[in-house]
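Here is what each chain is made of, one letter per residue.
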Amino acid sequence: MSETRVTIRPEIAALAAYSQGRAAAPDGFKLSSNENPFPPLPSVVEALADVPINRYPDGSGIALRTKIAKRYGVAPGEVQLGSGSIAVLAQLLGAVGGHGTEVVHAWRSFEAYPSMILVSGSTGVPVALREDGSHDLDAMAAAITERTRMVIVCTPNNPTGTIVTASDFEAFMAKVPPTVLVVLDEAYQEFVTDPFAVEGVDLLGRYPNLVVLRTFSKAWGLAGLRIGFALGAEYILNAARSAAIPLSVIDHAQRAALISLDHELELLERVADIAVRRERIANDLRQQGWRIPEAQGNFVWLPTGAATEEAAEVFARNGIVVRPFAPEGIRISIGERESVEALLRSAQEVVQNLRKKPADPGLD
Ligand SMILES: Cc1ncc(COP(=O)(O)O)c(C=O)c1O
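These figures come from a predicted structure and were not determined experimentally.

For the ligand, the set of nearby residues contains 13 residues, the closest of which are S85, D185, Y188, T215 and S217. Note that an oxygen atom of the ligand is positioned 2.7 Å from one of the backbone N or O atoms of S85. Taken together, the residues of the shell around the ligand sort by class into five nonpolar, five polar and three charged.

Structure, rendered in structure tokens:
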């Protein structure tokens, strides 16, 4: 019998589609996607009303790129936009990856990395996190071969929340060949309170092979509009522009980001509130006996191990949707103030269940 189905790349046929954080019940809390719980700024909502949707957006994004450039002290050519920072990562993978090349990244890290690397044609080289949930930068540097085209460093790391310090990052960069692109994924940078954490923008002048990814999805609260950006050398970002899907950053997103940049202080006050809430939650979880890694993003990580699915069910019964990564742990976003009590109550219930078992890896 002749074949009647089109030929799918076998590695794609074997790949599961990206699985999004589940929605919550109307009276529950969605703490599964690291979103910002605050409502959009009224000025953003207002400005979206009259965007002409019968016209294509401004594909160059020049007004926004110019504003971002000014904010971060670079030139507009050193800024690239994408429909989410994830899209800019895809552009960069398209620009440097491909068959026969390798991309080194920490694992566990952002769940989209392995599939995006595979789709780009590259081979992912995952490097295990250290015991404390942080990147093992020595092992990542040692994993670089002549086939490596990109190394992704995620700080704070999703889902463990740990940062890379500035001194560790600089020591790492000294070992990376200048022909290998280092992508510093700083999706959660604005939530960082650790003074020793690396901040990529400060290092762009020093490392020509460094590209920093930032997003308007988290601190800036625009996840639904899909807009993020990269900062780095113009020739690298020109290659990303060549690899981009044309016109995918819509004018609504560009406008919302422009207005948000004018309200940075107000938005950063919200970020500070979330960081304070995170500290309180992390401390209370430690009091309950949880051995949780340093939490520097807008989320905390519970090492629930083999009990992960069961623990996620406990949270769900209490109206809290979390993100389980079985059999390692659970990532819980810092959400509405009203969600905190149910979050801590659920975590306490999980502790009680785990204490009844012979091995409770995540507890002190
Ligand atoms: C580490 C990390 N990088 C990138 C992204 C993608 O963000 P966006 O595409 O919304 O900018 C996320 C989203 O959760 C993330 O956790």
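Once you've had a look at it, read on.
Looking now at the nonpolar core. If you look at the biggest cluster of nonpolar residues, it comprises 85 residues, and the most contacted ones within it are I68, V153, F169, F172, L210 and W290. The biggest single contributor to this core is helix α12 (residues 340-355), with eight residues. The residues that make up this core include at least three from each of domain 1 (10-34 + 265-355) and domain 2 (42-262). Aside from chain neighbours lying at most four places away, what touches I68 is V79, L81, F216, F229, L231 and L261.

Quick look at the domain arrangement of the chain now. Per the domain assignment, the segments making up the chain are domain 1 (10-34 + 265-355) and domain 2 (42-262). Domain 1 and domain 2 are separated by 24 Å when their C-alpha centres are compared. Taken together, the contacts link 25 residues of domain 1 with 26 residues of domain 2. Note on domain 1 versus domain 2: buried area summed over both sides is about 2,200 Å², and carbon and sulfur give 61% of it. Among the residues of domain 1 in contact with domain 2, L267, E294 and Q296 are the three that bury the most area, contributing 25% of the side total.

Attention now moves to the pairing of strand β9 (residues 299-302). Residues of β9 alternate between two faces, with F299 and W301 on one and V300 and L302 on the opposite face, all of them buried. Two elements, β9 and strand β12 (residues 329-333), share four bridges in a ladder whose sense is antiparallel. Bridge pairing in β12 links F299 to S333.

Right, let's get into the pairing of strand β4 (residues 123-128). By the bridge criterion, six bridges tie strand β3 (residues 102-107) to β4 in an arrangement that is parallel. From the neighbouring strand, V104 faces β4, where its bridge partner is V125.

Moving on, we get to the pattern of salt bridges. Side chains that differ in sign of charge can pair as their charged atoms come close. The tally for this structure, following the rule as stated, stands at 19 salt bridges. Notably, a salt bridge pairs E328 with R108, separated by 2.9 Å at the nearest N-O pair. With E328 in the loop between β11 (323-325) and β12 and R108 in the loop between β3 and α5 (112-119), this pair connects stretches of sequence that are 220 residues apart. Relative accessible area serves as the criterion here: at 31%, E328 is assigned to the partly exposed category. The partner of E279 in a salt bridge is R278, and the shortest N-O contact between them spans 3.0 Å. Residue E279 is classed as partly exposed on the basis of its relative accessible area of 33%.

Rules used throughout
- Residues numbered from 1 in each chain as written.
- Predicted model: local features only at pLDDT ≥ 70, side-chain atom pairs only at ≥ 80, totals over all residues.
- Heavy atoms only, no water.
- Near = heavy atom within 4 Å.
- Polar contact = N/O pair within 3.5 Å; in protein donor to acceptor, adjacent residues only side chain to side chain.
- Nonpolar A, V, L, I, M, F, W, Y, C, P; charged D, E, K, R; others polar.
- Core = buried A, V, L, I, M, F, W, Y, C linked by side-chain atoms within 4.5 Å.
- Buried < 20%, exposed > 50% of the residue type's maximum accessible area, 1.4 Å probe, protein only.
- Helix = DSSP H or I, 4+ residues; strand = E, 2+ residues; numbered from the N terminus.
- Domains from an automatic or database assignment.
- Contact = heavy atoms within 4.5 Å.
- Buried area = accessible area lost by both parts, 1.4 Å probe.
- Pairing = 2+ DSSP bridges.
- Salt bridge = Lys/Arg side-chain N within 4 Å of Asp/Glu carboxyl O.

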